[in-house]
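What the coordinates show
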Amino acid sequence: NLINGVADTLYVQNIEDTAGNAMTAQQMFVLMLDTVTIPKALVITEIMYNPAESGTDSTEFIEIYNNDVVSVDLMNYVLKYGASSFTFPASLVIAPGEYALVSSNAAAASNFYGVTFLQGSTGGIVNGGATVVLLSPNGLLVDTVTYDDIAPWPTLADEGGYSLSFCDPDLDNNVAANWSLGTVFFGTVNSLDVYADPGQGCVTPSD
């Protein structure tokens with residue numbers, strides 16, 4: 001029996017059509033029973049909106065954290081940022097405590113940060129501050145953040161090499177004081193060191 005909020009897998013093989021042609025390749029489908037009518041506790045926890053790049057940014061990203069007690073399938077969830085919009089096109093189940101990462105250039109971001117990113121809208125993330133919105137498949141508001149590039153928001157996130165990082169998903173992520181800067185060094189771009197925490201939460205730097 002399917003358990004509410006727990007992902008399961010259906011494997012299908014050797015199905016024949018009316019002419020007797022068999023589907024020999026095994027097909028896999030992720031199933032999830034979801035009878036809850038309130039939005040899941042998904043939280044926008046990191047935004048790299050203006051990396052230390054010139055021209056088209058390739059290492060910007062948005063991070064989503066599952067702060068719920070059940071797994072969530074992000075298929076058909078909608079992520080909006082500025083004028084850009086991205087709908088998760090396929091099943092992506094994230095367990096409690098796991099992350100989903102979306103970038104306007106998934107290949108470049110995955111290569112630079114060493115973790116897997118989904119390809120989002122190629123329109124990019126607004127540099128001067130914008131609203132990021134996450135909607136459920138039926139249009140319910142799951143989370144929204146309006147960040148800015150001026151104080152009290154951490155200003156080094158504006159082309160200073162740092163991401164905006166939200167360390168405590170139980171707090172209000174629309175309060176600028178609850179955001180800090182990325183802490184893990186990933187490399188140097190245009191003579192600026194790049195710090196972020198994609199897919200790992202806030203990391204305390206070692207001495």
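Here, every reference points to the structure presented above.
What counts and how
Residues numbered from 1 in each chain as written. Predicted model: local features only at pLDDT ≥ 70, side-chain atom pairs only at ≥ 80, totals over all residues. Heavy atoms only, no water. 1 Å grid on protein atoms, 1.4 Å probe; cavity = no way out; pocket = protein on both sides within 12 Å on 5 of 7 lines; lining within 4 Å. Points joined across faces, edges and corners; volume = space filled by probe spheres on them. Helix = DSSP H or I, 4+ residues; strand = E, 2+ residues; numbered from the N terminus. Nonpolar A, V, L, I, M, F, W, Y, C, P; charged D, E, K, R; others polar. Buried < 20%, exposed > 50% of the residue type's maximum accessible area, 1.4 Å probe, protein only. Arc of directions from axis to C-beta. Contact = heavy atoms within 4.5 Å. Patch = residues over 30% accessible without salt bridge, like charges linked within 9 Å, V, L, I, M, F, W, Y side chains within 5 Å. Areas by Shrake-Rupley, 256 points an atom, 1.4 Å probe, with all protein chains shown as cover. Salt bridge = Lys/Arg side-chain N within 4 Å of Asp/Glu carboxyl O. Pairing = 2+ DSSP bridges. Axes fitted to C-alpha atoms, helices over the stretch in contact; angles between N-to-C directions. Phe/Tyr/Trp six-rings, centres within 6.5 Å; stacked < 30°, edge-to-face > 60°.

**Some points on empty space enclosed by the protein**
Inspection of every chain in the model, using the stated rule, returns one cavity of 30 Å³ or more. If you go around the largest cavity, the residues you meet are Glu-60, Phe-61, Ile-62, Tyr-81, Val-102, Ser-103, Ser-104 and Ile-125. Elements that contribute at least two residues to the lining of the largest cavity include exactly β6 (61-66) and β11 (99-103). Of the residues assigned to the lining of the largest cavity, the class counts are five nonpolar, two polar and one charged.

**Notes on helix α1 (residues 106-113)**
Within the sequence span of α1, burial applies to Ala-106, Ala-109 and Tyr-113. Along α1, the residues classed as buried sweep out an arc of 70 degrees about the axis, all on the same side. Of the residues in α1, the exposed ones pointing more than 90 degrees away from the buried face are Ala-107 and Asn-111. Check the buried side of α1 and you find it contacts β5 (42-48), β6, β11, β12 (118-119), β17 (184-189) and β18 (192-196).

**Brief notes about the environment of Gly-199**
Along the polypeptide, Gly-199 turns up in the segment after β18. According to the relative accessible area criterion, Gly-199 is partly exposed, its value standing at 36%. It is 7.2 Å that separates the C-alpha atoms of Gly-199 and Glu-63, two residues lying 136 residues apart in sequence. Filtering out sequence-adjacent residues up to four positions away, Gly-199 remains in contact with Glu-63, Tyr-99 and Leu-101.

**A closer look at a nonpolar patch on the surface**
A contiguous nonpolar patch, built from Leu-2, Leu-10, Phe-29 and Leu-31 and spanning about 320 Å² of accessible area, is present on the exposed surface. Checked against the element boundaries, Phe-29 lands in strand β4 (residues 27-32). A relative accessible area of 41% means that Phe-29 is categorised as partly exposed.

**Here's the deal with the sheet that holds strand β8 (residues 78-81)**
If you walk across this open sheet you meet the four strands as β9-β8-β13-β14, and the pairing is antiparallel. Two strands close off the open sheet at either side, each with one partner strand: β9 (84-87) and β14 (141-147). The average undirected angle you get between the axes of adjacent strands in this sheet is 10 degrees. Relative to β9, β8 is paired through four bridges, and the arrangement is antiparallel. For Tyr-81, the partnering residue across the bridge sits in β9 and is Ser-84.

**Thoughts on unusual backbone geometry**
In this model, Ala-151 is joined to Pro-152 through a cis peptide bond whose omega is 15 degrees. By the element assignment, Pro-152 lies in the loop between β14 and β15 (164-166). A positive phi is found at Asn-190, a non-glycine position, where the angle reads about 50 degrees. As for its placement among the helices and strands, Asn-190 is situated in the loop between β17 and β18. One non-glycine residue, Ser-191, adopts positive backbone phi at about 70 degrees. Looking at the secondary structure, you find Ser-191 in the loop between β17 and β18.

**A look at the packing of aromatic side chains**
We describe a pair of aromatic rings using the distance from one ring centre to the other and the angle between the two ring planes. Here the structure, examined in full by the defined rule, presents twelve aromatic pairs. Residues Phe-61 and Tyr-113 carry aromatic rings whose centres are separated by 5.2 Å and whose planes lie at 80 degrees to one another, so their mutual orientation is edge-to-face. Note that Phe-61 is positioned in strand β6 and Tyr-113 in helix α1, a separation of 52 residues in sequence. Of the two residues, Phe-61 and Tyr-113, neither departs from the other in class, the shared state being buried.

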